[in-house]
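So the chains spell out like this:
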Amino acid sequence: MSYASFMRVHFSAIKTLCGASLLFAIVLAAAPVSAAEASVAYFRAVQIDNADAVTELLSANLSPNIREPNSGESGLVLALRNDAMKVFQVLMAQPAIELELNAKNGNTALMMAAFRKNKPALLALLDKGAQVNRAGWTALHYAAASGDDEIVQILLERHAHINAAAPAGITPLMIAAREAHQFTVQLLLDAGADASLKSSDGNTAADYAERADQPLIVAAIRASLAAKK
């Protein structure tokens, strides 16, 4: 990336964020730019949804797949976390974009879209080939945690593993029960979720609902188990 290109992007991001003056930009221009500074400018632009700045950085050969040093999040994941949809669209249009890059905590773009209840982003990721199923936590877990029944249904229609076991054996049904999402629990039960499964500490989805003081969810789960017997 050229120094002049970096300064245009860096100043654009700063000006949008805090209204910096031209004098401040001139002061910044006195120091040589580094790859680390370009990265800082990029992630700052992503957070504030500055699509023009991101576009210019990418056109200067910055990779769309660099990761934020602390969280390990890609720009795509960070854009979804911050509802930066203009930047999201710019990144999705990059031929080299990698959809499956995961942050240090395991989050992928599809998982973040599910958790943030961002249906347009979720559909765009799925249409571009994002993986619905993976080892450990999945997008269905995140959709169940957020209680977004429409996204849960979309993921099931895309063949999400309904009884996917996250670390400690947690299933989407257990997550929905723990978070007191009554309608999500019923949706998963109707779709065939196995309520008899236990986490590694021996708890079923009904146990999680009971701990959350959700008697209606407990009753629904027990009714489903009785019907299957």
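Model, not experiment: these values are computed from the prediction. (Residues numbered from 1 in each chain as written. Predicted model: local features only at pLDDT ≥ 70, side-chain atom pairs only at ≥ 80, totals over all residues. Heavy atoms only, no water.)

**Things to note about helix α10 (residues 149–157)**
Within an α-helix, residues lying three or four positions from one another point in the same direction, as the helix has 3.6 residues per turn.
Next up, step 1: Those residues of α10 that fall on the buried side of the exposure criterion are Ile151, Val152, Ile154, Leu155 and Leu156.
Next up, step 2: Residues of α10 that are buried in the fold lie against α7 (109–115), α8 (119–127), α9 (139–146) and α12 (182–190).
Next up, step 3: Two or three places before Glu150, at the start of α10, stands the capping residue Asp148, its side-chain oxygen 3.2 Å from that residue's backbone nitrogen.
Next up, step 4: Remark: His159 follows α10 within two positions and exhibits a positive phi of approximately 70°. (Buried < 20%, exposed > 50% of the residue type's maximum accessible area, 1.4 Å probe, protein only. Helix = DSSP H or I, 4+ residues; strand = E, 2+ residues; numbered from the N terminus. Contact = heavy atoms within 4.5 Å. Polar contact = N/O pair within 3.5 Å; in protein donor to acceptor, adjacent residues only side chain to side chain.)

**Quick notes on the packing of helix α3 (residues 35–47) against helix α4 (residues 51–59)**
Next up, step 1: For the pair α3 and α4, the least separation of the axes is 8 Å and the interaxial angle reads 145°. Handedness of the crossing formed by α3 with α4: left-handed. For the pair formed by α3 and α4, the contact residues are Ala38, Ala41, Tyr42, Ala45 and Val46 on the first element and Ala53, Val54, Leu57 and Leu58 on the second.
Next up, step 2: Each residue belonging to the contact of α3 with α4 can be placed in one class, and the counts come to 9 nonpolar, no polar and no charged. (Axes fitted to C-alpha atoms, helices over the stretch in contact; angles between N-to-C directions. Left-handed = near helix turned anticlockwise from the far one by under 90°. Nonpolar A, V, L, I, M, F, W, Y, C, P; charged D, E, K, R; others polar.)

**A look at α3**
Next up, step 1: Between its first and last C-alpha atoms α3 spans 19 Å; for 13 residues at 1.5 Å apiece the expected length is 18 Å, and the two agree.
Next up, step 2: Every buried residue of α3 is accounted for by Ala38, Ser39, Ala41, Tyr42, Phe43, Ala45 and Val46.
Next up, step 3: Just downstream of α3 lies Asp49, where phi reads positive at about 60°. (Expected span 1.5 Å × (residues − 1).)

**Points about the packing of aromatic side chains**
Next up, step 1: In total, this model carries 2 aromatic pairs according to the counting rule given.
Next up, step 2: Their ring planes at 70° and their centres at 5.0 Å tell us that Tyr42 and Phe43 sit as a pair that is edge-to-face.
Next up, step 3: Between Phe115 and Tyr142 the ring centres are 6.1 Å apart and the planes differ by 80°, which places this aromatic pair in the edge-to-face class. Taken as a pair, Phe115 in helix α7 and Tyr142 in helix α9 lie far apart in primary sequence, 27 residues in all. (Phe/Tyr/Trp six-rings, centres within 6.5 Å; stacked < 30°, edge-to-face > 60°.)

**Description of the pattern of salt bridges**
Next up, step 1: Following the criterion strictly, the structure yields 7 salt bridges and no others.
Next up, step 2: For Arg81, the salt bridge is made with Glu73, and the minimal N-O distance between the two is 2.5 Å.
Next up, step 3: Using a relative accessible area of 4% as the deciding quantity, one classes Glu73 as buried.
Next up, step 4: Between Glu210 and Arg222 there is a salt bridge, with the nearest N and O atoms lying 3.8 Å from each other. Taken together, the residues Glu210 in helix α13 (residues 205–211) and Arg222 in helix α14 (residues 215–228) connect sequence positions 12 residues apart. (Salt bridge = Lys/Arg side-chain N within 4 Å of Asp/Glu carboxyl O.)

**Things to note about unusual backbone geometry**
Next up, step 1: Phi is positive for Lys117, close to 60°, though the residue is something other than glycine.
Next up, step 2: Along the chain, Lys117 falls in the loop between α7 and α8.
Next up, step 3: Since its relative accessible area comes to 46%, Lys117 is described here as partly exposed.
Next up, step 4: In this model, His159 sits at a positive phi of 70°, which is unusual for a non-glycine residue.
Next up, step 5: Looking at the element boundaries, His159 is found in the loop between α10 and α11 (172–178).
Next up, step 6: Classification of His159 by relative accessible area gives exposed; the value is 63%.

**Here's the deal with the environment of Ala212**
Next up, step 1: Position of Ala212 among the secondary structure elements: in the loop between α13 and α14.
Next up, step 2: Judged by relative accessible area, which is 27%, Ala212 ranks as partly exposed.
Next up, step 3: Other than its neighbours up to four places away in sequence, Ala212 contacts Ala177 and Arg178.

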